[in-house]
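Observations on the model geometry
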Amino acid sequence: MTPDSDVTSLLALLAEHKIGAVVVSADGSRVDGIVSERDVVRALATRGAAVLAEPVSAIHTSQVRSVAPDAAVEEVERLMTEHRFRHVPVLEGGSLAGVVSIGDVVKHRIDELEIERKSLEGYITGERI
C-alpha cells in the first residue's frame, strides 16, 4: 500500500485479503513502514473517525524491524515477542521479499511438534520414521 492511500482503503484491503497488516511502500519494493489493525484501532481511539480519511502514513509504524530470508524461526519469534508485533517483513537486498506473520510461526511450531510426536511414537512402538 502506498503511504498516501487513505485508511479506509487500508481497511478494505485488510478485509478483502483477511490479513492483519500491510507493508507501506512508495515504490513497491522498499519498506517505508507497516500498518496493522492495531494501528487503526489506536488511531481511532485517539483521533476518532476522521482518521479514516487520513493517509496510512499518518498511522503506520515507520521504524520497521525486518529479517533476511535465511533468518531462523527462533529469531523471528524473539523479535515478535520482544517488540510485541505480529508481522515481520522479509527483506532481501533491501527489497521486500515477503512477510512472516505470527500465524506462520505458530504453524511452523505445530508442525515441528507433530513431527516430534510421530518420531517419539515410532520409537516407542519400534517403528522408525
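Residues numbered from 1 in each chain as written. Predicted model: local features only at pLDDT ≥ 70, side-chain atom pairs only at ≥ 80, totals over all residues. Heavy atoms only, no water.

For the chain, the count of helices and strands is four helices and four strands. Starting at the N terminus, the α and β elements of the chain follow one another as α-β-β-α-α-β-β-α. In terms of its C-alpha atoms, the chain occupies a principal-axis envelope of roughly 65 × 35 × 25 Å. Within the chain, the proportion of its 129 residues that are buried is 26%. For the chain, contacts bridging at least 24 residues in sequence account for 43% of all contacts bridging at least 6. Taken as a whole, the chain presents about 8300 Å² of accessible surface, with 54% of it coming from carbon and sulfur. Across the chain, the centroid of the 14 positively charged side chains sits 5 Å from that of the 21 negatively charged ones. (Helix = DSSP H or I, 4+ residues; strand = E, 2+ residues; numbered from the N terminus. Buried < 20%, exposed > 50% of the residue type's maximum accessible area, 1.4 Å probe, protein only. Contact = heavy atoms within 4.5 Å. Areas by Shrake-Rupley, 256 points an atom, 1.4 Å probe, with all protein chains shown as cover. Lys, Arg positive; Asp, Glu negative; His and termini not counted. Charge placed at Lys NZ, Arg CZ, Asp CG, Glu CD.)

Moving on, we come to a positive patch on the surface. Side chains of Arg38, Arg42, Arg84 and Arg86 sit close together on the surface and give a patch of like positive charge. Counting through the fold element by element, Arg38 comes out in helix α2 (residues 37-47). (Patch = residues over 30% accessible without salt bridge, like charges linked within 9 Å, V, L, I, M, F, W, Y side chains within 5 Å. Salt bridge = Lys/Arg side-chain N within 4 Å of Asp/Glu carboxyl O.)

Residue Lys18 is not a glycine yet carries a positive backbone phi of 50 degrees. Relative to the assigned elements, Lys18 resides in the loop between α1 (7-17) and β1 (21-24). Here Lys18 falls in the exposed class, since its relative accessible area comes to 76%. The phi torsion at Arg84 lies on the positive side, around 55 degrees, for a residue other than glycine. If you trace the backbone, Arg84 turns up in the loop between α3 (73-83) and β3 (87-92).

This structure, assessed with the given rule, holds nine salt bridges. Across the salt bridge formed by Asp32 and Arg30, the nearest N and O atoms sit 2.8 Å from each other. One salt bridge in this structure joins Glu54 and Arg47, with 2.7 Å as the shortest N-O distance. When its relative accessible area of 21% is taken as the criterion, Glu54 is described as partly exposed. With a relative accessible area of 40%, Arg47 lands in the partly exposed category. A network of salt bridges, in which partner residues are shared, links Glu74, Glu77, Arg109 and Glu112.

Another aspect to go through is the environment of Thr2. Considering the arrangement of structural elements, one finds Thr2 in the segment before α1. Assessed through its relative accessible area of 33%, Thr2 is described here as partly exposed. Between the C-alpha atom of Thr2 and that of Ser57, which follows or precedes it by 55 residues, the distance is 8.4 Å. When neighbours within four sequence positions are excluded, Thr2 is seen to be in contact with Val24, Ser25 and Val56. Only 2.7 Å separates the side chain of Thr2 from the side chain of Asp4, close enough to count as a polar contact. Of the polar contacts made by the side chain of Thr2, one reaches the side chain of Ser5; its length is 2.8 Å. (Polar contact = N/O pair within 3.5 Å; in protein donor to acceptor, adjacent residues only side chain to side chain.)

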